[in-house]
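What the coordinates show
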Amino acid sequence: MDTGPALVSILRQGSYLIASIHTALDDSQMIRFQEDLIEQIGQRRSRGVIIDVAALDVLDSFGSKTLRNIGEMARLRGATTVIVGIQPDVAFAMVSLGMGTGSLYTALDLEEGLEYLDRNVRKDPGAVGTTSSSLS
Amino acid sequence: MDEDSRIDSQTEADGVTNEHHREDELLPQLVAHLREHRSKLREEWAHRIQDAHLLHAMTPQEMAVETKSVYDNYVEVLETGSVEALQDYARDLSERIIPRGVETQEVVGIVLLLRDVLARSLFEKYQRDFALLNRVLDAYEPAANRIANTVAVSFVDERERVIRQQQDAIRELSTPVLPVRERLLVLPIIGVLDSERARQLTEQLLAGIRTHRAKVVVMDITGAPDVDQTVANHLVQTVDASRLMGASVIITGLSPKIAQTLVTIGVDLSKMNTIGDLQGGLEEAERLLGYTVSRQDGSAR
Amino acid sequence: MVQRFVHSRVANEAVADDIVQETLVRMLVAVERVEPGILEPYAIVTARNLVASMWREQERHRRNQHRIVDLRGPDSPDESLLEQEDRGAVAEALGRLSERDRRTLVAHEVSGQDTQSLAEELGVTAGAVAAQLNRSRARLRVEYLLALEPGGSVTDRCRPVLFAMSSGDRRRQREVDAARHLLECALCEKLSQPLLARGQRSDDQVRIRIHADADIVLARQSAREVAARLEFPRTDLTVIATAVSEIARNIVRFTEGGEVVVELLEEPRRGVRIVARDTGPGIPDVEAALVDGYSTYHGLGLGLPGARRLMDEFAVVSEVGRGTTVTMTKWRQEG
Ligand SMILES: [Zn+2]
């Protein structure tokens, strides 16, 4: 992102990508984050994606929708997405607004997210085709 | 010091022209008198408190300490005209004695008794000069009333604060988030749920999920007699918000009536994890935890 | 060139002080040397000069900053042209007051006559004189600013709005719907800057212009900060910020622009009120727009009902072809 590396970071850990949003993003920054992440999932053939949103003090309809879109696109590329770190007050505001993360899996924090991926993502390449075809 | 004779001689010597100056002198004289006779007056006051059966929650030793402080503060207010120090003391005293069941009328009572004891003493002292006595009482009474007022208001304020605190505590107790075992919270909902309580409940549960790193919550609503549509909406939101924090919610004790309300507001009960009773809910929770939480919203992977 | 220069000065908050009143007050020292008959013309001329010198004074403070944009020396031809403009503006402004208003103002500010004796002369109460003086000063400021913009297209709506801004009367501002006019009228938007800065209680009210994506974030963060002064619980702060985010996005997506005003309320209860205005196409059917899934505006339907669910009070007023105003309130839960 041309606005500098401080806004988000996308790190690779094995076959997973760990994307952290470090500060409030405006809509166009959010879109760019989505594009970057999807591109990297493809490039790195990631099987799992964790998006850490602990630093976000608001997840409004656009933010929630973008996370859902990411999950959807990642799924089409064979990766499972977990959202971690939604704060209690943010969770409350999201459901009051009438938004959720749809079918996306959410976990308390990074540790829980990794545990979820370890249990639910087949890491051997042979199983990848099966997983994605059963999901699509 | 022969104070009495000094004042008397002044009385005789004073003319009308000195009137103004003398009014200024009255309070300091009065304060000096009350300081000089403090042990005797305090003792008398303590007797009167006993006779009136006030403050029986206090031991004689405590009584001695407090009456001494109140007396000194009282005289200081008369002297300086500033109630601030007294206010602080009164608040502090209230804080100490409210938990022991001391009532407002007792506190007002002891201050009025002190006012009375001191007024009597002034009466005795100045009774020979009725005009002077009148002026002394004119100077004393407004100050004394102000003191009584300050103490009473401080006490009532403090009492209200304590009551508010207790109410908060009770409110929190009424929606306890119980960590039953690792990663498992139980939230028994007891009593009438209104919109505000439902909101607090949600906030406490969400905070509890993070604190205890809960993965499963059993929400038991057996004890909730009535759930209207607004509250039902809150329940659904609580389930959704918990899920956003990575915890599954099992609802137990759902009465047919509440189930009907949920359906009325458009909740798909098949998507809610509902179990008949708390025992069954806890078993399901253990199963989920043992099985590890690979299911969410019934969507198997 | 001059126009740009003037604008940069008028928009400066340091000018916000009641400049005309200030100059008139400073004339008091000269009053005894002047014959009664020529007091008024003298006042006008002196005021002009003082105003001009105040401009220069202000320029000195801003010199370094100013040089970045304009390297001309202080005595360039533009400067004297500007002075002339200022003088003319003050004279014109005074001339636009009613005879009675001007007389009273000059008698009070220049001759130093107190409100009590003015009241006796005019046969009204001292309070009425004070109110009249305040109105006259407010009007003078407006006329002065308008006189500095000879080319500006002034409509019937402009003067009442500017007067309401100038007198700092919030009720009057609401009555004439000043906020909306400022969105729609470039001239008043510009002129109201120095008026707004004047005596505004900036602590309990924040105004954020909404044009681009980044403004959405700014608006919701400002709303959170303002609301935090009332010690709302954290959850409520997030709820408020989320609602602001939704309505600010509507402005960016579907209108030419607008503003979000966040205001703290003390009456009837403590709370925070958010007003979002835009100059957009308007919503033909507000009722429908408040229902989930309303699609005419491709997503507008999500923001409005969502924000309504988050707030305690919610009202939408919309006029097709003109714009929409959303007013929403969150009350502080006491106890
Ligand atoms: Zn205008």
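An unreviewed UniProt entry annotates chain B as RsbT co-antagonist protein RsbRA originating from uncultured Nocardioides sp.

**Looking at the interface of chain B and chain A**
In this assembly, 21 residues from chain B lie in contact with 24 residues from chain A. Both faces considered, chain B and chain A share a buried interface measuring about 2,100 Å² in area, 54% of it formed by carbon and sulfur atoms. Taken together, the links from chain B to chain A amount to five salt bridges. Note that B:Arg213 and A:Glu112 form a salt bridge whose closest N and O atoms lie 3.3 Å from each other. At the boundary of chain B and chain A, one finds seven residue pairs in polar contact (both at pLDDT 80 or more). Of all the secondary structure elements, the ones that give two or more residues to the side of chain B that touches chain A are helix H8 (195-212) and helix H9 (229-244) of chain B. A per-element tally of the side of chain B that touches chain A places H8(B) first, with six residues.

**Observations regarding the sheet that holds strand E1 (residues 205-210) of chain C**
All names here are of chain C. The strand order across the open sheet built from five strands is E1-E2-E3-E5-E4, with neighbouring strands paired in antiparallel fashion. Of all the strands in the sheet, the pair left with one neighbour each is E1 and strand E4 (313-319). Across the sheet, the axes of successive neighbouring strands diverge by a mean angle of 10°, strand direction being ignored. Sheet topology places E1 next to strand E2 (residues 258-265); six bridges connect them, and they run antiparallel. Bridge pairing in E2 places Arg207 opposite Val261. In the packing of helix H13 (residues 213-228) onto the sheet, the strands contacted are E1, E2 and strand E3 (271-278), and the crossing angle to E1 comes to about 170°. Across the sheet, helix H14 (residues 234-254) is in contact with E1, E2, E3 and strand E5 (323-331); its angle to E3 comes to roughly 10°.

**Quick notes on unusual backbone geometry**
Unusually for a residue other than glycine, B:Arg183 sits at a positive phi of about 70°. Topologically, B:Arg183 is positioned in the loop between strand E1 (178-181) and strand E2 (184-188).

**Some words on the coordination of the zinc ion**
Coordination of the zinc ion by the protein is provided by C:Cys158 (SG), C:His181 (NE2), C:Cys185 (SG) and C:Cys188 (SG), with metal-donor distances spanning 2.1 to 2.3 Å. Because the angles between the four donor atoms bound to the zinc ion fall within 99 to 118°, the donor set is best described as tetrahedral.

**A closer look at helix H3 (residues 88-97) of chain A**
All names here are of chain A. In terms of burial, H3 is largely enclosed, as 10 of its 10 residues are buried. Among the residues of H3, those classed as buried are Pro88, Asp89, Val90, Ala91, Phe92, Ala93, Met94, Val95, Ser96 and Leu97. Gly98 sits one or two positions beyond H3 and adopts a positive phi of about 100°.

**Concerning the packing of helix H8 (residues 126-147) of chain C against helix H9 (residues 158-166) of chain C**
Between two packed helices, what matters for the description is the angle formed by their axes and the separation of those axes. All names here are of chain C. One can describe the packing of H8 onto H9 by two numbers: an axis separation of 9 Å at closest approach and a directional angle of 125°. Relative to H9, the element H8 lies oblique. Seen along the crossing, H8 lies across H9 with a hand that is right-handed. Here Arg135, Ala138, Arg139, Arg141, Val142, Glu143 and Leu146 of H8 lie close against H9, whose contacting residues are Arg159, Leu162, Phe163 and Ser166. Among the residues making up the contact of H8 with H9, the classes are represented as five nonpolar, one polar and five charged.

**A closer look at the packing of aromatic side chains**
Scanning the model with the defined rule gives one aromatic pair over all chains in all. The interplanar angle of 5° and the centroid separation of 3.7 Å between the aromatic rings of A:Tyr105 and A:Tyr116 together place this pair among those described as stacked. Of this pair, A:Tyr105 sits in strand E5 (residues 105-107) while A:Tyr116 sits in helix H4 (residues 110-120), placing them 11 residues apart in sequence. For the pair formed by A:Tyr105 and A:Tyr116, the shared burial category is buried. Taking NZ or CZ as reference, C:Arg139 lies 4.1 Å from the ring centre of C:Phe163, over its face.

**What to know about the environment of B:Ile147**
All names here are of chain B. By secondary structure assignment, the location of Ile147 is in helix H7 (residues 130-174). Taking the relative accessible area as the measure of exposure, Ile147 reaches 0% and is therefore buried. Residues Ile147 and Val111 lie 36 residues apart in sequence; the distance between their C-alpha atoms is 8.1 Å. Other than its neighbours up to four places away in sequence, Ile147 contacts Tyr74, Val77, Leu78, Leu86 and Val111.

**Considerations on the interface of chain A and chain C**
Each partner contributes residues to the interface: chain A has 19 residues there, and chain C has 22 residues. In this assembly, chain A packs against chain C so that about 1,700 Å² is buried in total across both faces, 55% of it on carbon and sulfur atoms. Summed over the three residues of chain A that lose the most area to chain C, namely A:Val58, A:Asp89 and A:Leu97, the buried surface amounts to 31% of that side. For the pair chain A and chain C, the interface holds six salt bridges. A salt bridge links C:Arg220 to A:Asp60, with the nearest nitrogen and oxygen atoms 3.7 Å apart. There are 10 residue pairs in polar contact (both at pLDDT 80 or more) connecting chain A and chain C. Looking at which element gives the most residues to the side of chain A that touches chain C, the answer is H3(A), with six residues. Across the side of chain A that touches chain C, the residue classes break down as 10 nonpolar, four polar and five charged.

Parameters and conventions
- Residues numbered from 1 in each chain as written.
- Chains lettered and ligands numbered in written order.
- Predicted model: local features only at pLDDT ≥ 70, side-chain atom pairs only at ≥ 80, totals over all residues.
- Heavy atoms only, no water.
- Contact = heavy atoms within 4.5 Å.
- Buried area = accessible area lost by both parts, 1.4 Å probe.
- Salt bridge = Lys/Arg side-chain N within 4 Å of Asp/Glu carboxyl O.
- Polar contact = N/O pair within 3.5 Å; in protein donor to acceptor, adjacent residues only side chain to side chain.
- Helix = DSSP H or I, 4+ residues; strand = E, 2+ residues; numbered from the N terminus.
- Pairing = 2+ DSSP bridges.
- Axes fitted to C-alpha atoms, helices over the stretch in contact; angles between N-to-C directions.
- Donors = N, O, S within 2.8 Å, 3.2 Å for Na, K, Ca; no water.
- Tetrahedral: all angles 85-135°; square planar, octahedral: opposite > 155°, others 65-115°.
- Buried < 20%, exposed > 50% of the residue type's maximum accessible area, 1.4 Å probe, protein only.
- Parallel < 35°, antiparallel > 145°, perpendicular 65-115°, else oblique.
- Left-handed = near helix turned anticlockwise from the far one by under 90°.
- Nonpolar A, V, L, I, M, F, W, Y, C, P; charged D, E, K, R; others polar.
- Phe/Tyr/Trp six-rings, centres within 6.5 Å; stacked < 30°, edge-to-face > 60°.
- Lys NZ or Arg CZ within 6 Å of the ring centre and 35° of its normal.

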